[in-house]
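What follows is the residue order along each chain.
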Amino acid sequence: MGLFDYLKSKFKGHKEEDKDNKEPLKSEEKKVETPVEKKEEEKKQETKDAYVKGMKKANHGFMYRLKSLTSIFHKVNDEYFDDLEEILIEADVGADLSIKIIDEAKKEAKVYKIDDPEKINKLVVEKMFEGYENSGDNVEPDVRFVSSGPTVLLIVGVNGGGKTTTIAKLANRYKKQGKKVLLVAADTFRAGAVEQLGVWAKRIGVDIVSGPDGGDPSSLCYDGLTKAKNGNYDLVIVDTAGRLQNKANLMAELSKMKRVMGKVIPDSPHETFLIIDANTGQNGVEQAKVFKETTSLTGIVITKMDGTSKGGIILSIRDQLGIPVRFIGLGEGMDDLKEFDLDSYLYGLLIGEDDEQ
């Protein structure tokens, strides 16, 4: 079974089976869903719908170009592969990975004598996502909570990437799950950052530890984690300054903050998420490289996916850095930050509304 057939079967297979039944099922033959199964099915449908909606631009941008290419060429040749490579690069897959994918597809096409453009497109797409599975470790996207005491989540990323709103969405997510959440406004460098996070904390209904603009981030971390430890909080989310102009300063600041955190709560921070705006393309990959050098990243959060017509940055980050994407922003709503699910991502990017008819 090819990738496209697999995705359609996973997300719509049960509906297709119903259509194929010429005779209605007898009452005793009908499968009765348990409440748990029904809830799981509803959750799967809701997740798929969110990805389809949030990746509409990416789906149209990527698949439209692939389909346009097949209408121009009746058989594949070197020029076809060159155009395919260009499509991948412009979709933010990255130059090195794009060249590798095309080279592998060429070899396989030669061995199996494939010259149908549509079959080549499917082959290329499968090569793209085989690489994701084989690059780096696969981890559960959800925050990994420690067995006892507060779990500390450090958030890093450049200004303008959606860092503050992502923190708010994560806080809202875990508050709704019954967790006691505390925010630490340690981005004291950017004017208004502390105030902005305070507004979100009030709106969501979670506590926050903050200080004046220009204050010492490490002191705030100490105060925040001490409060969390004494107040039996489940999750502490720490904001940080998002400047890359001086890597040495960034490294020194993050190192100091982590040392202070570790003294208050051993082994913290337990998780470090890097926030990347999907619209930044390969600049986002370069950002990830800098932050990986300065701190131990445990995951990536891709924001603003609904605003890009590309979508390949996830593959590029995975290929070059081996860091798993943990969450993905598919819209502006508080519930539009979703756990990253590769199959849902593939469905949204490759099939989308074409299969919703």
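In this text, all values refer to a predicted model and were calculated from it rather than measured experimentally.

Student: I would appreciate a short explanation of the pairing of strand 5 (residues 271–277) in the present structure.
Tutor: A regular strand carries its side chains on alternate faces of the sheet. The buried fraction of strand 5 is high, at seven of seven residues. Across four bridges, strand 1 (residues 151–156) lies against strand 5 in parallel orientation. Within the sheet, the bridge partner assigned to L153 lies in strand 5 and is E271. Inspection of the sheet shows strand 5 paired to strand 6 (residues 299–303) by five bridges, in the parallel sense. Paired with D277 across the strands is T303, a residue of strand 6. Considered for its hand, the β-α-β crossover made up of strand 5, helix 11 (residues 282–294) and strand 6 is right-handed.

Student: How should I be thinking about the sheet that holds strand 7 (residues 325–329) in this particular structure?
Tutor: Within a beta sheet, neighbouring strands are joined by backbone hydrogen bonds and run either parallel or antiparallel to one another. Ordered in space as 3-2-4-1-5-6-7-8, the eight strands form an open sheet in which the pairing is mixed. Each having just a single partner strand, strand 3 (207–209) and strand 8 (337–339) make up the two edges of the open sheet. On average, each strand axis in the sheet is tilted by 25° relative to the strand beside it, whichever way the strands run. Note that strand 2 (residues 181–185) and strand 4 (residues 235–239) share five bridges and pair parallel. Opposite L183, over in strand 4, you have I237 as the bridge partner. Strands in contact with helix 7 (residues 163–176) are strand 1, strand 2, strand 4, strand 5, strand 6, strand 7 and strand 8; relative to strand 4, the strand with the most contacts, it is inclined by about 175°.

Student: Sorry, what's going on with the packing of aromatic side chains here?
Tutor: The geometry of an aromatic ring pair is captured by the separation of the ring centres together with the interplanar angle, meaning the angle of the planes. Summed over all chains, the structure comprises eight aromatic pairs. Each ring, one from F73 and one from Y80, has its centre 5.2 Å from the other, and the planes form 85°; the classification is edge-to-face. In this pair, the class of F73 matches that of Y80, namely buried. For the pair Y80 and F81, a centre-to-centre distance of 6.4 Å together with 85° between the ring planes defines the contact as edge-to-face. The pair Y80 / F81 is uniform in exposure class, with both members buried. Three or more aromatic residues joined by ring pairs make a cluster, and in this case those are F129, Y132, F340 and Y345. When the ring centre of F145 is taken as reference, the NZ or CZ atom of K179 above it lies at 4.5 Å. The ring of Y233 has K180 lying over it, and the distance from NZ or CZ to the ring centre is 4.4 Å.

Cut-offs and rules
- Residues numbered from 1 in each chain as written.
- Predicted model: local features only at pLDDT ≥ 70, side-chain atom pairs only at ≥ 80, totals over all residues.
- Heavy atoms only, no water.
- Buried < 20%, exposed > 50% of the residue type's maximum accessible area, 1.4 Å probe, protein only.
- Helix = DSSP H or I, 4+ residues; strand = E, 2+ residues; numbered from the N terminus.
- Pairing = 2+ DSSP bridges.
- Right-handed = clockwise from strand over helix to strand, strands pointing away.
- Axes fitted to C-alpha atoms, helices over the stretch in contact; angles between N-to-C directions.
- Contact = heavy atoms within 4.5 Å.
- Phe/Tyr/Trp six-rings, centres within 6.5 Å; stacked < 30°, edge-to-face > 60°.
- Lys NZ or Arg CZ within 6 Å of the ring centre and 35° of its normal.

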